[in-house]
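Coordinates in review
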Amino acid sequence: DGGITQSPKYLFRKEGQNVTLSCEQNLNHDAMYWYRQDPGQGLRLIYYSQIVNDFQKGDIAEGYSVSREKKESFPLTVTSAQKNPTAFYLCASRVYSDSYNSPLHFGNGTRLTVT
Amino acid sequence: AQSVTQPDIHITVSEGASLELRCNYSYGATPYLFWYVQSPGQGLQLLLKYFSGDTLVQGIKGFEAEFKRSQSSFNLRKPSVHWSDAAEYFCAVGASANAGKSTFGDGTTLTVKP
């Protein structure tokens, strides 16, 4: 079955360490997105990528970095510069970036806890 | 800029009762509207979408939504709620430009009483 795989489901890190969240899709979608979800705040866009080797900052990109070396993969690194990294992170994809009338497909998320 | 407001943070209904979740959007052109559902600790799943045509759209799991341009609303309804409908519900608007980015509301948590 096609879908988006996020790993790991739970991730624990010490403050000051960088951590990378994995996102892999086999839907052959061009566009991929990273969202952060905090209680009561809905989803906020961190980064998005419309094609391979290209990505743009979303609304809350500070303290995060991404790469898009392959169509299937869009890993997110949470750096030590991110002031409040503990959150639920969701990866999503869409057929094309300008297919605004097509829905996003989501992975099952990674819950990151930094202490 | 586009925005979405879900006025109700939390709604409780009895099993078998009807449900309406409110969504108001702000967007200058024709909006592309979506409802998603999220179970605890999971990703979001599409319930239904609207972008043209009939203003009453049917979705999965017995849900429907009605687009009302005059009220800038896209409310989600279900005639009879099941205990398994307990989840968080998100309304989202898609842009006709803007790299296909969607803007989400803050969500409404639905609790179903037995």
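This write-up is about the structure you can find in this document.

Definitions and cut-offs
Residues numbered from 1 in each chain as written. Chains lettered and ligands numbered in written order. Predicted model: local features only at pLDDT ≥ 70, side-chain atom pairs only at ≥ 80, totals over all residues. Heavy atoms only, no water. Helix = DSSP H or I, 4+ residues; strand = E, 2+ residues; numbered from the N terminus. Buried < 20%, exposed > 50% of the residue type's maximum accessible area, 1.4 Å probe, protein only. Contact = heavy atoms within 4.5 Å. Disulfide = S-S within 2.5 Å. Buried area = accessible area lost by both parts, 1.4 Å probe. Salt bridge = Lys/Arg side-chain N within 4 Å of Asp/Glu carboxyl O. Polar contact = N/O pair within 3.5 Å; in protein donor to acceptor, adjacent residues only side chain to side chain. Nonpolar A, V, L, I, M, F, W, Y, C, P; charged D, E, K, R; others polar. Pairing = 2+ DSSP bridges. Axes fitted to C-alpha atoms, helices over the stretch in contact; angles between N-to-C directions. Core = buried A, V, L, I, M, F, W, Y, C linked by side-chain atoms within 4.5 Å.

Scanning chain A from N- to C-terminus turns up zero helices and eleven strands. Listing every helix and strand of chain A by position from the N terminus yields β-β-β-β-β-β-β-β-β-β-β. The C-alpha extent of chain A, read off along each of the three principal axes, is 40 × 30 × 25 Å. Among the 115 residues that make up chain A, the fraction classed as buried is 47%. Pairs at least 24 residues apart make up 52% of the contacts formed inside chain A by residues separated by at least 6 positions.

Glancing now at the state of the cysteines. Residues and elements named next belong to chain B. By the definition in use, this model includes two disulfides over all chains. A sulfur-sulfur distance of 2.0 Å marks the disulfide that ties Cys23 to Cys91. Of note, the bridge from Cys23 to Cys91 carries an S-S torsion of about -65° and is left-handed in sense. With Cys23 in the loop between β3 (19–21) and β4 (24–26) and Cys91 in strand β10 (residues 87–94), this residue pair connects regions lying 68 residues apart in the sequence. Taken as a pair, Cys23 and Cys91 share a single burial class, namely buried.

Time to look at the interface of chain B and chain A. Each side of the interface is counted separately: chain B has 23 residues, and chain A has 23 residues. Note on chain B versus chain A: buried area summed over both sides is about 1900 Å², and carbon and sulfur give 55% of it. At the surface where chain B touches chain A, the tally comes to zero salt bridges. Inspection of the region where chain B meets chain A yields five residue pairs in polar contact (both at pLDDT 80 or more). Elements supplying a minimum of two residues to the side of chain B that touches chain A: β5 (32–38), β6 (44–50), β10 and β11 (102–104) of chain B. The class makeup of the residues in the side of chain B that touches chain A is ten nonpolar, nine polar and four charged.

On to the environment of Thr20 of chain A. Residue and element names in this part refer to chain A. Within the secondary structure layout, Thr20 lies in strand β3 (residues 19–25). Of the residues examined, Thr20 reaches a relative accessible area of 45% and is grouped as partly exposed. Thr20 sits 58 residues away from Val78 along the chain, and the two C-alpha atoms are 6.2 Å apart. Aside from chain neighbours lying at most four places away, what touches Thr20 is Leu11, Pro75, Leu76 and Thr77. Side-chain polar atoms of Thr20 contact the side chain of Thr77, separated by 2.9 Å.

On to the sheet that holds strand β8 (residues 76–78) of chain A. All names here are of chain A. Read across the open sheet, the four strands follow the order β1-β3-β8-β7; overall the sheet is antiparallel. Looking at which strands have only one partner, the edges of the open sheet turn out to be β1 (4–7) and β7 (64–66). Going from strand to strand, the sheet's axes swing by 20° on average, the running direction of each strand aside. Relative to β8, β7 runs antiparallel, the two sharing three bridges. Its bridge partner lying in β8, Ser65 is registered against Thr77.

This paragraph deals with the pattern of salt bridges. Residues and elements named next belong to chain A. If you walk through the whole model with that rule in mind, you get seven salt bridges over all chains. In this structure, the salt-bridge partner of Asp38 is Arg36, at a minimum N-O distance of 2.7 Å. The exposure class of Asp38 is buried, given its relative accessible area of 10%. On the basis of relative accessible area, Arg36 is assigned to the buried category, the value being 4%.

Let us now look at the side chain of Gln6 of chain B. All names here are of chain B. Tracing the backbone through its elements, the reader meets Gln6 in the loop between β1 (3–5) and β2 (10–14). Note on Gln6: relative accessible area 8%, which makes it buried. Separated by 3.1 Å, the side chain of Gln6 and the backbone nitrogen of Gly107 make a polar contact. Residues contacting Gln6, with those up to four places away along its chain left out, are Arg22, Trp35, Tyr89, Phe90, Cys91, Gly105, Asp106, Gly107 and Thr108.

In this structure, Trp35, Leu48, Phe74, Leu76 and Tyr89 of chain B are the most contacted members of the largest nonpolar core, which totals 26 residues. Where this core is concerned, the elements lending two or more residues are β2, β3, β5, β6, β8 (64–68), β9 (73–78), β10 and β12 (108–113) of chain B. Core analysis: the next-biggest nonpolar cluster, separate from the first, contains 19 residues, Cys23, Ala61, Phe74 and Leu76 of chain A among them.

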